[in-house]
Each structure stands twice: as structure tokens, then as C-alpha cells.
Amino acid sequence: MGLASALSTSLTGLNAAETTIDVIGNNLANANTVGFKESDAVFMTQLLQTLSLGSAPTATGGGTNPRQVGLGTKVAEIKPDFTQGTVQISANPLDLAIQGNGFFIVEGTQGEQFYTRNGQFSTNSENQLVAI
């Protein structure tokens, strides 16, 4: 591996690490936000260099795997963790909690739909149930 290739590979790792730090910072900043679910950065190989091809098995022996060297990494996705969180007691009788999978569907001011796990609700001046 040449110097330029090594530096390029290192740079992809630094960029992926930066994204990971951003995701962790977001998780920490929202740790006390009701209904917030943490996320994880998922990585994948950006480029592979094949050094030798694999071979098929024969009648007397097994095959061989190809030899490959990874030439960098990238963030494949930022994956939210939607597993069950802690349910807390509330003094508001309109507060709801979701156990297991699912979201509350709330309507925005323009009629658009939003999905949330935040179960804090109240009533507005027209006695309609609204998300806080």
C-alpha cells in the first residue's frame, strides 16, 4: 500500500469517526428529551482491493476465499434504536406510553403527519388533544 493510499484510507476512518462523535453528541444532548431514542453509526467497507481470487472446491479439497484488503470505511447508516425504553409515571392523565414497537401519529398545522414516541399530550382551547 502506497503512501497516498494509506493517507486516503486513514482519512476515511477519521471522517467516519467524526460522524460517530456527532451521533454520540446528539444522543447525549437529547438524553433527557421525552421519547428520544438513541442512534448508532453503522460502518461498511468503502472500497476493496482484491489481491488474489478465490477458487471453487474440488473433489479432494475445499475452495479458497479471495484475499482482499479494505481501502477505507464509510458510515452506511445512522440507525435509531427503537427498543422499549423506560416508562415513567406522570401526573398528567393525558400522558401515554408506548410499550413495544410503534409511534404516535400527530397532525401538523398544515395537515401533514408526524411520527413521535413522545407521549406528552394536553388539550388546546378547542378541547382537542395535542402533543406538547
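Conventions used here
- Residues numbered from 1 in each chain as written.
- Predicted model: local features only at pLDDT ≥ 70, side-chain atom pairs only at ≥ 80, totals over all residues.
- Heavy atoms only, no water.
- Helix = DSSP H or I, 4+ residues; strand = E, 2+ residues; numbered from the N terminus.
- Rg over C-alpha atoms; globule rule 2.2 N^0.38 Å.
- Contact = heavy atoms within 4.5 Å.
- Areas by Shrake-Rupley, 256 points an atom, 1.4 Å probe, with all protein chains shown as cover.
- Lys, Arg positive; Asp, Glu negative; His and termini not counted.
- Charge placed at Lys NZ, Arg CZ, Asp CG, Glu CD.
- Buried < 20%, exposed > 50% of the residue type's maximum accessible area, 1.4 Å probe, protein only.
- Patch = residues over 30% accessible without salt bridge, like charges linked within 9 Å, V, L, I, M, F, W, Y side chains within 5 Å.
- Salt bridge = Lys/Arg side-chain N within 4 Å of Asp/Glu carboxyl O.
- Phe/Tyr/Trp six-rings, centres within 6.5 Å; stacked < 30°, edge-to-face > 60°.
- Expected span 1.5 Å × (residues − 1).

(A) Looking closely at the overall build of the protein. For the protein, the count of helices and strands is one helix and eight strands. The secondary structure elements of the protein, listed N-terminal to C-terminal, are α-β-β-β-β-β-β-β-β. Radius of gyration (C-alpha) of the protein: 24 Å, far over the 14 Å computed for a compact globule of 132 residues. Look at the contacts in the protein between residues 6 or more apart in sequence, and 45% of them connect residues 24 or more apart. Entry remark: accessible area of the protein is about 9900 Å², with carbon and sulfur atoms responsible for 55%. Of note, the protein has its 5 positive side-chain charges centred 17 Å away from the centre of its 10 negative side-chain charges.

(B) Spotlight on unusual backbone geometry. The phi angle at Asn-127 is positive, at roughly 60°, despite the residue not being glycine. Along the polypeptide, Asn-127 turns up in the loop between strand S7 (121-123) and strand S8 (129-131). Classification of Asn-127 as exposed rests on a relative accessible area of 64%.

(C) Seen up close, a nonpolar patch on the surface. Taken together, the side chains of Phe-82, Phe-103, Ile-105 and Tyr-115 make up a nonpolar region of the molecular surface, amounting to roughly 420 Å² of accessible area. Relative to the helices and strands, Phe-103 is located in the loop between strand S4 (73-80) and strand S5 (104-107).

(D) Structural view of the packing of aromatic side chains. Tallied over the entire structure, the rule returns three aromatic pairs. Ring geometry for Phe-82 and Phe-103: centres 5.1 Å apart, planes at 80°, overall edge-to-face. Separated by 21 residues along the polypeptide, Phe-82 in the loop between S4 and S5 and Phe-103 in the loop between S4 and S5 bring together distant segments of the chain. Under the relative-accessibility criterion, Phe-103 is labelled partly exposed at 40%. When the centroid spacing of 6.4 Å and the interplanar angle of 80° are considered together, the rings of Phe-103 and Tyr-115 count as edge-to-face. On the criterion of sequence distance, the pair formed by Phe-103 in the loop between S4 and S5 and Tyr-115 in strand S6 (residues 113-116) is long-range, its members being 12 residues apart. One aromatic cluster is present, formed by Phe-82, Phe-103 and Tyr-115 through successive ring pairs.

(E) Up close: helix H1 (residues 3-29). Relative to the 39 Å expected for 27 residues at 1.5 Å per residue, H1 spans 39 Å between its end C-alpha atoms, a close match to the ideal helical length. Residues of H1 that are buried: Thr-12, Ala-16, Val-23 and Asn-27. Buried residues along H1 sit against strand S1 (39-45) and S4.

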